[in-house]
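What the coordinates show
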2 protein chains.
Amino acid sequence: MQQVADRAGVSIATVSFVVNGNKRVSADTRARVTAAMRELGYRNNVVARALASRRTRILALVFPVLEHRLGQTALQFFTSAASRASELGYHLVLWPAVTTADDVQELISGGLADGVVVMEVTMHDPRIDRLTELEVPFVAIGRTADPSAISFVDIDFERTVEDALDHLTGLGHRRIGLVVEDLDGTTMADYGPKVRSEAAFRASVARRGLTGTVVAAGASAEGGRRAAADLLERDPDVTAAIIMKDDSNFGLVSGLRAGGRRVPEDVSVIAIVSSDGAGAATEPVLTTLNAPGPELGRLAVESLVERLEGGSTERTHTLIPCALHLAGSTAPAPA
Amino acid sequence: MQQVADRAGVSIATVSFVVNGNKRVSADTRARVTAAMRELGYRNNVVARALASRRTRILALVFPVLEHRLGQTALQFFTSAASRASELGYHLVLWPAVTTADDVQELISGGLADGVVVMEVTMHDPRIDRLTELEVPFVAIGRTADPSAISFVDIDFERTVEDALDHLTGLGHRRIGLVVEDLDGTTMADYGPKVRSEAAFRASVARRGLTGTVVAAGASAEGGRRAAADLLERDPDVTAAIIMKDDSNFGLVSGLRAGGRRVPEDVSVIAIVSSDGAGAATEPVLTTLNAPGPELGRLAVESLVERLEGGSTERTHTLIPCALHLAGSTAPAPA
DNA sequence: ATGAAAGCGCTAACAG
DNA sequence: CTGTTAGCGCTTTCAT
């Protein structure tokens, strides 16, 4: 930096000012400095800057290891968050949280990251408590039971379930099943998406005077198959199913067929918090409500950066609905 | 740190020594320092340490944005690399490379990362050239056409194809198709996995005196369906297919059926560089050769860290085979 | 085995 | 608008 300063005939401080653009510098001086930087191939040292400014411009994305297999949506969080961070001049480090309420401390008081994004949030998430009590700037992708005190971006599960039910009731369906992931006995038992969707479903079904049946699905296609059997046993007259577990989509459809039901003639199926790709891996192609994975990652980072830079302490609460993609798996209810 | 030193009755330098453990300190002093650290809740500042030691202990994982949808295997790279890095006392930052041959410069001369992991490598990858010429310590997940000069970990595609062919020929198959991703016209046209598998297939089929047909599949299930039609048209007597594109698995099977073939009675199907989960989303469950995603991420990081710490300039070349998982989609060739 | 001290490369008051 | 200067918190010779 000193070399650049010498070459431009200015002081090292002035170089710093033009690099950071946070102080007024005459156009002329700026030009000379810029030229000198280019000629010397100067690169601002991120670490020194971080030490002096007490801001690393690094964001940490905390993700759970073990416990819970991450899916396509998680991947989208990673990539979209990293990309958005990059655009805003930040870096995203992946922080594997092996145990719950992990050493977030090391992260922040260690000075590595300026802020944190947490994902896979449960209704009573110890990590959120910890981050709050440590006063770490953070944004959650997902939300706890009472999220009023935190900043978050999340899928609007309540609305998504409503949309799915609107679609199905619009087709005349009155007996509807909901397939959610089986998380009993794991630390993810109160996983937000599952709990919220199930609650929204039960409430809405009651409000609408429908017959609703909730079944849990284990892992993979086999889980879906069992869920189908379970559903048909508990409500043989069911005419529609909403499923929120992509890797069981195929199994559900297959299980419904094994139970003697045609899809969609006898039973309509709609996958929520899903994607076109997941829906296409089934015959017929599934009607889906697509998860806004990329938006969530992007917005989480934007919100965090704003908090970091704007210094605003106010909490942002953003809910995004899933987008409906119509396909062949939903049809009017049988007479 | 000064406070810790005071409390332990030693100098700040001594504290540094015990923190880093790279210099001999008497057991007694060490104990006092450790106690003082705990009592004061001392956390070593990562940034200051990085500035002074000129090593950030940060690794960058460069991933492509746009161009190429990342899949489950990429997710595994992210998480396993991050976890392994963490275990080794490093951090992993996600580096989105928007354009090819991106500003890797900023990364290293900017001083943020000590080393780089590149993924989604093509046979002639400009990023590899750039990293090499900049003398950046890096490890590739994947390899270029001539990888002798670089360190890499990769799937052993040649062996994987051999394994698939061994399995199929063992069942009596002589006319075999290979379905690979259609990448023509994209910057990923010479994507390593595709090019290597296709080449290995052609070579091995010739060597074994079999009839091999290679078809390209577009995106999603529909791509698989078209590939099936294409394959059946080009070799109506084909009795087995190897597919290396998970999101087309379902379409392929479905397309084979649409073409009047039963799976596996008429045509056996085996998915390579796949996973149990992907294989289960089809009826019958697919026989798969599972990609060692987690191992690759882990090994890449280990190799890079060893290079960084051991100072050894020698290149490591690691090839890992896929693991065979037998299921219902492969059967003896029809008479 | 421990301590003193010179930076690492940059930022941010403060002064001019 | 530009320069001076005192650190940021830690590592690392070099002495002792």
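Per an unreviewed UniProt entry, chain A goes by LacI family transcriptional regulator and derives from Curtobacterium aurantiacum.

1. Some words on the overall build of chain A
What chain A contains, in helices and strands, is 13 helices and twelve strands. Taking 335 residues into account, the globule formula puts the C-alpha radius of gyration at 20 Å, and chain A, at 25 Å, lies well above it. Once local pairs closer than 6 in sequence are excluded, the contacts in chain A between residues at least 24 apart make up 70%. Of the roughly 13,900 Å² of accessible surface on chain A, 50% is carried by carbon and sulfur atoms. Between the centroid of the 34 positive side chains of chain A and the centroid of its 42 negative side chains there is a distance of 6 Å.

2. As for the interface of chain A and chain B
Listed by partner, the interface residues are 42 residues for chain A and 42 residues for chain B. Buried area between chain A and chain B, summed over both chains or domains, comes out near 3,400 Å², and the portion from carbon and sulfur atoms is 69%. Three residues stand out in chain A for area buried against chain B, namely Arg43(A), Val47(A) and Phe250(A), and they jointly supply 16% of the buried area on that side. Where chain A packs against chain B, one counts two salt bridges. Glu283(B) serves as the salt-bridge partner of Arg225(A), at 3.4 Å between the closest nitrogen and oxygen. The interface formed by chain A and chain B includes ten residue pairs in polar contact (both at pLDDT 80 or more). Looking at the side of chain A that touches chain B, the elements with two or more residues in it are α4 (46-53), β1 (58-64), α5 (72-87), β2 (91-97), α6 (104-109), α10 (220-234) and α11 (249-258) of chain A. When residues in the side of chain A that touches chain B are grouped by element, the largest group, seven residues, is from α5(A). A per-class count over the side of chain A that touches chain B returns 22 nonpolar, 16 polar and four charged. For β2(A) and strand β2 (residues 91-97) of chain B, the ladder comprises three bridges, and the chain directions are antiparallel.

3. Things to note about the packing of aromatic side chains
Any two aromatic rings considered together are summarised by their centre-to-centre distance and by the angle between their planes. In total, this model carries four aromatic pairs over all chains according to the counting rule given. An aromatic cluster is present here, built from Phe63(A), Phe78(A), Phe63(B) and Phe78(B) joined pairwise through their rings. Over the ring of Tyr90(A) we find Arg57(A), and its NZ or CZ is 4.5 Å from the ring centre.

4. Let's talk about the side chain of Arg143(B)
All names here are of chain B. With respect to the helices, strands and loops of the structure, Arg 143 is situated in the loop between β4 (138-141) and β5 (152-155). A polar contact is formed between the side chain of Arg 143 and the side chain of Asp 154, at a distance of 2.6 Å. Of the polar contacts made by the side chain of Arg 143, one reaches the side chain of Glu 158; its length is 3.2 Å. The residues touching Arg 143, leaving out its near neighbours within four places in the chain, are Val 121, Thr 122, Met 123, Phe 152, Asp 154, Ile 155, Phe 157, Glu 158, Arg 196 and Leu 319.

5. Side note on the protein's contact with DNA strand D
Close contacts around DNA strand D come from 28 residues, with Ser11(A), Thr14(A), Thr29(A), Ser16(B) and Tyr42(B) the closest. With respect to DNA strand D, the backbone of Ser26(A) contributes an N or O atom lying 2.9 Å from a phosphate oxygen. Within the side chain of Tyr42(B), a nitrogen or oxygen atom sits 2.5 Å from a phosphate oxygen of DNA strand D. Those elements giving two or more residues to the surface near DNA strand D turn out to be α2 (12-20) and α4 of chain A together with α2 (12-20) and α4 (46-53) of chain B. Tallied by class, the residues present in the surface near DNA strand D amount to twelve nonpolar, eleven polar and five charged.

6. So, the relation of the copies chain A and chain B
Once turned by 180 degrees and shifted 0.0 Å along the axis, chain A lies on chain B with an RMSD of 0.1 Å. Here the symmetry operator amounts to a two-fold rotation axis. Among all C-alpha atoms of chain A, that of Val93(A) lies closest to the rotation axis, at 2.0 Å. Looking at the interface residues of chain A, 100% of them are also at the interface in chain B, so both copies use one shared face.

7. Overview of the protein's contact with DNA strand C
What surrounds DNA strand C is a group of 28 residues, the closest being Ser16(A), Tyr42(A), Ser11(B), Thr14(B) and Thr29(B). Among atoms of DNA strand C positioned within 4 Å of the protein, sugar and phosphate together represent 75%. Between DNA strand C and Asn45(A), the relevant distance is 3.1 Å, taken from a phosphate oxygen to a main-chain nitrogen or oxygen of the residue. For the surface near DNA strand C, the secondary-structure elements that each account for two or more residues are α2 and α4 of chain A together with α2 and α4 of chain B.

8. A short note on the pattern of salt bridges
Going through the model one piece at a time under the given rule, you end up with 46 salt bridges over all chains. Notably, a salt bridge pairs Arg127(A) with Asp125(A), separated by 2.9 Å at the nearest N-O pair. In this structure, Arg69(B) engages Asp247(B) in a salt bridge whose closest nitrogen and oxygen atoms are separated by 3.5 Å. In this pair, Arg69(B) sits in the loop between β1 (58-64) and α5 (72-87) while Asp247(B) sits in the loop between β8 (240-243) and α11 (249-258), placing the two residues 178 residues apart along the sequence. Residue classification places Arg69(B) among the exposed positions, given a relative accessible area of 61%. According to the relative accessible area criterion, Asp247(B) is partly exposed, its value standing at 28%.

Rules and cut-offs
- Every chain begins its residue count from 1, and numbering advances along the sequence as written.
- A letter from A marks each chain and a number from 1 marks each ligand, given out in the order of writing.
- For this predicted model, a pLDDT threshold of at least 70 governs which residues receive local features, and a threshold of 80 or more governs which side-chain atom pairs are given and counted, while totals over whole chains, interfaces and linings are taken from all residues.
- Side-chain figures throughout are based on the complete set of non-hydrogen atoms in the structure, without hydrogens or water.
- For the purposes of this entry, the term helix denotes a DSSP run of H or I that reaches at least four residues, the term strand denotes a run of E that reaches at least two, and both are numbered from the N terminus.
- Values of the radius of gyration come from C-alpha atoms, whereas the globule rule sets the reference at 2.2 Å times the count of residues to the power 0.38.
- In this description, contact between two residues means that some pair of their heavy atoms is separated by no more than 4.5 Å.
- Values of accessible area rely on a 1.4 Å probe in the Shrake-Rupley scheme; residue burial ignores everything except the protein chains shown.
- Think of it this way: Lys and Arg go in the positive column, Asp and Glu in the negative one, and His and the chain ends go nowhere.
- For the purpose of locating charges, the reference atoms are NZ of Lys, CZ of Arg, CG of Asp and CD of Glu.
- Take the accessible area each of two parts loses on contact, using a 1.4 Å probe, and add the two losses: that sum is the buried area.
- Any carboxyl oxygen of Asp or Glu within 4 Å of a side-chain nitrogen of Lys or Arg constitutes a salt bridge here.
- Here a polar contact is taken to be a pair of N or O atoms separated by no more than 3.5 Å, where protein atoms must pair a possible hydrogen donor with a possible acceptor and residues adjacent in sequence count only if both atoms sit in side chains.
- Throughout this entry, Asp, Glu, Lys and Arg are counted as charged residues, while Ala, Val, Leu, Ile, Met, Phe, Trp, Tyr, Cys and Pro are counted as nonpolar. The remaining residues, Gly among them, count as polar.
- Pairing between strands requires that DSSP locate at least two bridges from one strand to the other.
- Aromatic contacts are taken between Phe, Tyr and Trp rings whose centres are within 6.5 Å, Trp giving its six-membered ring; a plane angle under 30 degrees counts as stacked, one over 60 as edge-to-face, and the others as tilted.
- We count a charge as sitting over a ring when the NZ of a lysine or the CZ of an arginine lies within 6 Å of the ring centre and within 35 degrees of the ring normal.
- Proximity is defined per residue: any heavy atom of the residue falling within 4 Å of a molecule or strand makes that residue near it.
- Least-squares fitting of one copy onto the other uses the C-alpha atoms of those residues that reach a pLDDT of at least 70 in both copies.
- Each residue's exposure class comes from its accessible area (1.4 Å probe, protein chains only) as a fraction of the maximum for that residue type: buried when under 20%, exposed when over 50%, partly exposed otherwise.

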